[in-house]
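Observations on the model geometry
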Amino acid sequence: MSAKPSSSVIRVADPVDTLRFMFAVGIECSCPVVDGNYRVDQLRDTGHYEMWKTDLKLVRDLGLRYLRYGPPIYKTWPERGKYDWTFLDPVMHEMRRLGIVPIIDLVHFGLPDWLGNFQNADWPDRFAEYAHAFAERYPWVRYYTPVNEIYVTALFSASYGWWNERMMSDSAFVNNVKNCVKASILSMRAILDLRPDAIFIYSESTEYVHPGSPDMVAHALFMNERRFLSLDLLFGHDVSATMFRYLLNAGMTAEEYVWFRDQKDLRSHCIMGTDYYITNEHIIRSNGTTIGAGDVYGYYVITRQYFDRYRLPVMHTETNRASKHAVEWLWKEWMNLLRLREDGVPVVGFTWFGLVDMKDWDTALTKQRGTVNPVGLYTLGRKPRKAALEYRRLVEQYADLPISSSKFPILTA
C-alpha cells in the first residue's frame, strides 16, 4: 500500500477527476422514528457527531474522493423556513479542504418532527424549499440523493409498520411512494434552478422475490413488478396494466400518474443507484411469509434487470457484509460490476456502505439494543478492518478506470 496522503498534498478534486470511476464510501445516517416515537440517529449512535473530523480523514486515507453523506435533516430543518447549519458548516468546509466530493442524502428514512411522516401530503412542497436552501448554502455541491431508497422507505414505514407512520396497507404504501417521488422531482427542479449541472444519484434497493412453491408464482410476479414502482414513477416509465390497477385501487388518481410520467426531462440529470446486499433476494412461501434466499441471482443479474428497464447510467451505491465475509463479498460485488461493464452496462461508480460499523440493523432499527453490526470498513473505535485494507488496494489497482467505455454528457459536459 502506498503512503497515506498528507494534508499538504490533499487538494480539491480537479475537473478531470469527474472522468474517472467514482469509488465511494458511505456514512450511515438513517434517522427514522420507530415504536414509542423514538428517533433513531445513526450519526449519533456511531459517534460521528464527535468524530466527524476523523471520519473524513479516513475517507481520504482510503484513497477515496466520493462520500455518500446525509446531514441530520431533523436537526438542520427544525421548522419551515428555518435552518440550523451549526453542525454542518464546519463538516462541509472540511470536505472541501480535503477534496472530498459529497453525494448528499437529503432524506434518509426520516423527516423532521414538525412534518410528521411520509403520509403528509404537504411535505414534498416543503422539501423543495429545503433543497433550494441547501443548494443556496452549499453551491459547490453537485451530487445529490434527494430521497434515499424510496422503495424501502415505503415498505418499512407503510407496509411492514416498522418506521415513521407505522402503517400496513397498500394505500399507505402507494401514498408513501407517491409523496417520496414527488418530493424528489420537486427538489430536483429546485436545485437545478441554482445548479443547472446538478446530478442526482438515486440509491434504490434492487430486490427480487423467488416463488417458494407453485402456488406463489403469480404473487412473486406481482411483487417483482411492484419493486419497480418508485423508479417507474421517478423516471417516467409506464407501469404494467396490473400495476396501474394496483395504483388506482390504492388511491392514486390517473391524473397524478400522468403527472409523474410527464417528468421525463429530468432523466438526463439522473444516475440509477443500485443497492445490493445478501438480504435483497427473498423466497415467498405459501403462507405469505418470506425467508432470505441469499445471492441466488446476485448483483449482475438483478442490476441488469433494472438497467434494461431504465437505460440509465448505473452506480453501485450500497453494499456491505459482516466482517468475516466482507473481503470475499467486496471482490464478489466488484467482479459482478466489472462483468456488467464488459457487457455494455454503463456502471460509473462503486460504494461500500458504510465507513464505520452500524448499530441495530439486525432488527432493521426497530429494537434499540445497541447491538454493533460489524459491517464497516472501520470499527466504531475507528480501527481498520481487513476490508478497509482490501478496499484501498482495490481502489489503487483500478485508479485509472474510466467512468465507462461510453461517453455520458451527464458527467462529461
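Coordinates for the structure precede this section.
Note that the structure is predicted; figures quoted are calculated from it, not measured. (Residues numbered from 1 in each chain as written. Predicted model: local features only at pLDDT ≥ 70, side-chain atom pairs only at ≥ 80, totals over all residues. Heavy atoms only, no water.)

1. Quick word on the packing of aromatic side chains
Convention followed: Two rings from Phe, Tyr or Trp (for Trp, the six-membered ring) form a pair when their centres sit within 6.5 Å of each other. Planes less than 30 degrees apart are called stacked, planes more than 60 degrees apart edge-to-face, and all others tilted. Helix and strand labels come from DSSP, where a helix needs a run of H or I of at least four residues and a strand needs a run of E of at least two; each type is numbered from the N terminus. Classification of residues uses two cut-offs on accessible area relative to the type maximum, computed with a 1.4 Å probe and protein chains only: under 20% is buried, over 50% is exposed, and between them is partly exposed.
Tallied over the full model, the rule gives 40 aromatic pairs. Here W163 and W361 contribute two aromatic rings whose centre-to-centre distance is 6.0 Å and whose plane-to-plane angle is 75 degrees, an arrangement assigned as edge-to-face. Residue W163 is located in the loop between helix 6 (150-159) and helix 7 (170-194), and its partner W361 is located in the loop between strand 14 (358-359) and strand 15 (372-373); the two are separated by 198 residues in the primary sequence. The exposure class assigned to W163 is buried, which follows from its relative accessible area of 0%. The exposure class assigned to W361 is partly exposed, which follows from its relative accessible area of 26%. Pairing F228 with Y306 gives two aromatic rings, centres 4.8 Å apart and planes at 65 degrees, and the pair type is edge-to-face.

2. Looking at the side chain of S184
To keep it simple, the criterion reads: Note on contacts: a residue pair qualifies if any of its non-hydrogen atoms lie within 4.5 Å across the two residues.
Assignment of secondary structure puts S184 in helix 7. Look past the residues within four positions of S184 in its chain and what remains in contact with it is P146, V147, I150, Y202 and L234.

3. Remarks on the sheet that holds strand 12 (residues 314-318)
Rule in force here: Strand pairing follows a simple DSSP-based rule, namely that at least 2 bridges must link the two strands. For every element, the axis is a line fit to its C-alpha atoms; helices are fit only across the contacting stretch, and the angle between N-to-C directions ranges from 0 to 180 degrees.
Taken together, eight strands build a closed barrel; the order of strands is 1-4-5-6-7-9-12-13 and the barrel is parallel. Mean inter-strand twist for the sheet, computed between neighbouring axes without regard to direction, equals 25 degrees. Here strand 6 (residues 143-147) pairs with strand 7 (residues 199-205) via two bridges, running parallel. The residue bridging Y144 from the neighbouring strand is F200, located in strand 7. In this fold helix 4 (residues 88-98) packs onto strand 4 (66-69) and strand 5 (101-107), with an angle of close to 165 degrees to the strand it touches most, strand 4.

4. Details of the layout of surface pockets
Selection rule: The pocket and cavity definitions rest on a 1 Å grid over protein atoms only: a 1.4 Å probe that fits but cannot leave marks a cavity, an open set with protein on both sides within 12 Å along at least five of seven lines marks a pocket, and residues lining either have an atom within 4 Å of a point. Grid points are joined across faces, edges and corners, and a volume is the space filled by probe spheres set on the points.
Roughly 1,300 Å³ of internal volume is contained in the largest pocket. Residue lining of the largest pocket: 47 residues in total, with F156, W162, E207, T279 and H282 positioned closest to the centre. Those elements that place two or more of their residues in the lining of the largest pocket are helix 6, helix 8 (217-226), strand 10 (281-284) and strand 11 (290-292). It is helix 6 that provides the largest number of residues to the lining of the largest pocket, a total of five residues.

5. With respect to the environment of M22
If you trace the backbone, M22 turns up in strand 1 (residues 22-26). Through-space distance from the C-alpha of M22 to that of V101 is 9.9 Å; in sequence the pair is 79 residues apart.

6. Points about a nonpolar patch on the surface
Put simply, the rule is: Note that patches include only residues with greater than 30% relative accessible area and no salt bridge, and the join distances are 9 Å for like charges and 5 Å for nonpolar side chains (Val, Leu, Ile, Met, Phe, Trp, Tyr). Each accessible area value is a Shrake-Rupley result obtained with a 1.4 Å probe; residue values ignore everything except the protein chains displayed when judging cover. Any carboxyl oxygen of Asp or Glu that lies within 4 Å of a side-chain nitrogen of Lys or Arg is treated as forming a salt bridge with it.
Together, V296, Y297 and V301 make up an exposed nonpolar region whose accessible area comes to about 230 Å². Relative to the helices and strands, V301 resides in helix 12 (residues 298-310).

7. Digging into the nonpolar core
To keep things clear, this is the line we draw: Residues belong to one nonpolar core when they are buried, are Ala, Val, Leu, Ile, Met, Phe, Trp, Tyr or Cys, and are joined through side-chain atoms within 4.5 Å.
In this structure, W123, F127 and F134 are the most contacted members of the largest nonpolar core, which totals 115 residues. Among the elements that make up this core, the one with the highest residue count is helix 7 (ten residues). In contact with F127, not counting residues within four places along its chain, are I73, W77, L106, V107, P146, V147, A183 and S187. Within the second largest apolar cluster, twelve residues are counted, among which are I103, I201, I271 and M315.

8. A word on the sheet that holds strand 8 (residues 208-211)
Across the sheet, which stays open at both edges, the three strands sit in the order 8-10-11 with mixed pairing between neighbours. Since the sheet does not close on itself, it has two edges, and those belong to strand 8 and strand 11, each with one partner. Pairs of neighbouring strands in the sheet enclose a mean axial angle of 35 degrees, with direction left out of account.

9. Here we look at the pattern of salt bridges
Pairs can form between side chains of opposite charge whenever their charged atoms are close. One pass over the full model with this rule turns up 24 salt bridges. Of the charged contacts in the structure, one is a salt bridge between R309 and D232, with a shortest N-O distance of 2.9 Å. Of the two residues, R309 is situated in helix 12 and D232 in helix 9 (residues 229-235); the sequence distance between them amounts to 77 residues. Given the relative accessible area of 2%, D232 is considered buried.

10. Examining the pairing of strand 13 (residues 347-353)
Using the following cut-off: Crossovers are marked right-handed if the path from the first strand over the helix to the second runs clockwise, as seen with the strands pointing away from the viewer.
Burial within strand 13 is extensive, with seven of its seven residues counted as buried. Note that strand 1 and strand 13 share five bridges and pair parallel. Residue V25 lies in a different strand from strand 13, and its bridge partner there is W352. One ladder, built from three bridges, connects strand 12 with strand 13; its direction is parallel. Bridge pairing in strand 13 links V314 to V347. Assessed by its sense of winding, the connection that carries the chain from strand 12 through helix 13 (residues 323-342) to strand 13 is right-handed.

Keep in mind these numbers describe shape, not what the thing actually does.
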